[in-house]
Amino acid sequence: MLKATKKRFDIKITQANSKVSETFELEKNIVKVHGVLVTSDKDDLLYYRGTQKIEINKEEFFPDNYESKLLMSGINVSPKQRYYDLGGVAPGNGRVQIEYKDLDDGRTVFTPYRVSLYLDCEMEDEL
Amino acid sequence: MMKEGVIITKIGIKQKGERKHFQIKLPKDTKFIIGVEYGGRLIDRPEMVVIEPRPRDEGHFTPFFKRNELIGELKLQSCEEANWFYSADVLANDVNLGLGDFSQSGFPVNDFSHGNKRTEEIVKIDAESTIIQGWYLDVLGKTKNRDIKYEVKVYVWINVEE
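Residues numbered from 1 in each chain as written. Chains lettered and ligands numbered in written order. Predicted model: local features only at pLDDT ≥ 70, side-chain atom pairs only at ≥ 80, totals over all residues. Heavy atoms only, no water.

### Regarding the overall build of chain A
(1) Moving on: Of regular secondary structure, chain A possesses one helix and eight strands.
(2) Moving on: Traced from its N-terminal end to its C-terminal end, chain A shows the element sequence β-β-β-α-β-β-β-β-β.
(3) Moving on: Here the C-alpha radius of gyration of chain A, 15 Å, is about what a compact globule of 127 residues would show, namely 14 Å.
(4) Moving on: The C-alpha extent of chain A, read off along each of the three principal axes, is 50 × 30 × 20 Å.
(5) Moving on: When the 127 residues of chain A are sorted by exposure, 53% land in the buried category.
(6) Moving on: Carbon together with sulfur atoms contributes 46% to the accessible area of chain A, which is approximately 6200 Å² in total. (Helix = DSSP H or I, 4+ residues; strand = E, 2+ residues; numbered from the N terminus. Rg over C-alpha atoms; globule rule 2.2 N^0.38 Å. Buried < 20%, exposed > 50% of the residue type's maximum accessible area, 1.4 Å probe, protein only. Areas by Shrake-Rupley, 256 points an atom, 1.4 Å probe, with all protein chains shown as cover.)

### Details of the overall build of chain B
(1) Moving on: The helix and strand tally for chain B stands at two helices and eight strands.
(2) Moving on: Sequence-ordered secondary structure for chain B, helices as α and strands as β, is β-β-β-β-β-α-β-β-α-β.
(3) Moving on: Evaluated residue by residue, chain B yields a buried proportion of 43% over its 162 residues.
(4) Moving on: Of the contacts formed within chain B by residues at least 6 apart in sequence, a portion of 80% connects residues at least 24 apart.
(5) Moving on: With an accessible surface of roughly 10100 Å², chain B has 50% of that area assigned to carbon and sulfur atoms. (Contact = heavy atoms within 4.5 Å.)

### Things to note about the interface of chain A and chain B
(1) Moving on: Contact with chain A, which involves 29 residues of that partner, is made by 25 residues of chain B.
(2) Moving on: When chain A packs against chain B, close to 2400 Å² is buried across both sides, 51% of that on carbon and sulfur atoms.
(3) Moving on: Linking chain A with chain B are one salt bridge.
(4) Moving on: The residue K3 of chain B makes a salt bridge to E59 of chain A at a minimum N-O spacing of 3.7 Å. (Buried area = accessible area lost by both parts, 1.4 Å probe. Salt bridge = Lys/Arg side-chain N within 4 Å of Asp/Glu carboxyl O.)

### Points about the pairing of strand β3 (residues 30-40) of chain A
All names here are of chain A.
(1) Moving on: Relative to strand β8 (residues 113-124), β3 runs antiparallel, the two being bridged by nine bridges. Bridging from a neighbouring strand, K32 pairs with E122 of β8.
(2) Moving on: Note: β3 against strand β6 (residues 84-89), three bridges, orientation antiparallel. By the bridge assignment for β6, V33 is matched with V89. (Pairing = 2+ DSSP bridges.)

### Quick look at the pairing of strand β7 (residues 95-102) of chain A
(1) Moving on: When strand β2 (residues 19-25) of chain A meets β7 of chain A, the two strands line up antiparallel, connected through seven bridges. Counterpart to K19 of chain A in the pairing with β7 of chain A is K101 of chain A.

### Section: the packing of aromatic side chains
(1) Moving on: Here the structure, examined in full by the defined rule, presents 12 aromatic pairs over all chains.
(2) Moving on: On the basis of an interplanar angle of 70 degrees and a centroid distance of 5.1 Å, the ring pair of Y66 of chain A and Y155 of chain B is categorised as edge-to-face. One end of the pair, Y66 of chain A, is in strand β5 (residues 59-67); the other, Y155 of chain B, is in strand β8 (residues 150-161), on a second chain.
(3) Moving on: With a relative accessible area of 0%, Y66 of chain A lands in the buried category.
(4) Moving on: An aromatic cluster of at least three residues, connected via ring pairs, comprises F62, Y66 and Y84 of chain A together with Y155 and W157 of chain B.
(5) Moving on: When the ring centre of F32 of chain B is taken as origin, the NZ or CZ atom of K124 of chain B, which lies over that ring, is 4.4 Å away. (Phe/Tyr/Trp six-rings, centres within 6.5 Å; stacked < 30°, edge-to-face > 60°. Lys NZ or Arg CZ within 6 Å of the ring centre and 35° of its normal.)

Here it is as structure tokens:
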């Protein structure tokens, strides 16, 4: 039986104007990735300063310099519609890579912050 | 099989009223252009671009709605068709986002916390030639009457044949 599950992966941004790249692995029983969402503990920094590249199974879904604000949803969006729809991607080797870039923006002052990548997945129930 | 992709183009603006012509190269296997959206980032210090409140004019009605700040004008043209296929006013954040919300004292309304979901504007253009001509005109610097540095990003969504 298939069931919906949400995955969260965190990266830490500790320096202004830096690039952080991390690869995460999904469980083997995940069969589809339906959506992507990014959030942060300091939303304004992510909104104004962030860009990222996202790859799933070595396939690029969002290229370099894709602004984080385009993958964020505020509280005005209903919870069921907050994820960016990828249309049910097969995860292949299950590797999800995020390459996040922080860039100065005139409206914010840098302090270390966390970026969370959420994935809306479908997994095979092992039971 | 068709696959979606996005091409990102940065336009750097340095001078007031600057006009930029640019080209967006598409991959050879592009079939259609399916959407366009834009974003941007301010490079200058914020005090350069702060929106000054309008002076109170006693005896006149002050509207609740505020005007969104116009940053510039963006136009795109496909090489094999006449006329622009995309034309937009590039606007800053929605300044009326909190209108009618009386709970603002504890949770201030901001784009990054209360913003709507962003989606591209849908267009459907053949992509037989692989170049898009673009044109951007600065309005922000012109309005403030000073040179303001910022960057506009144009996202062109495409359908690629695999």
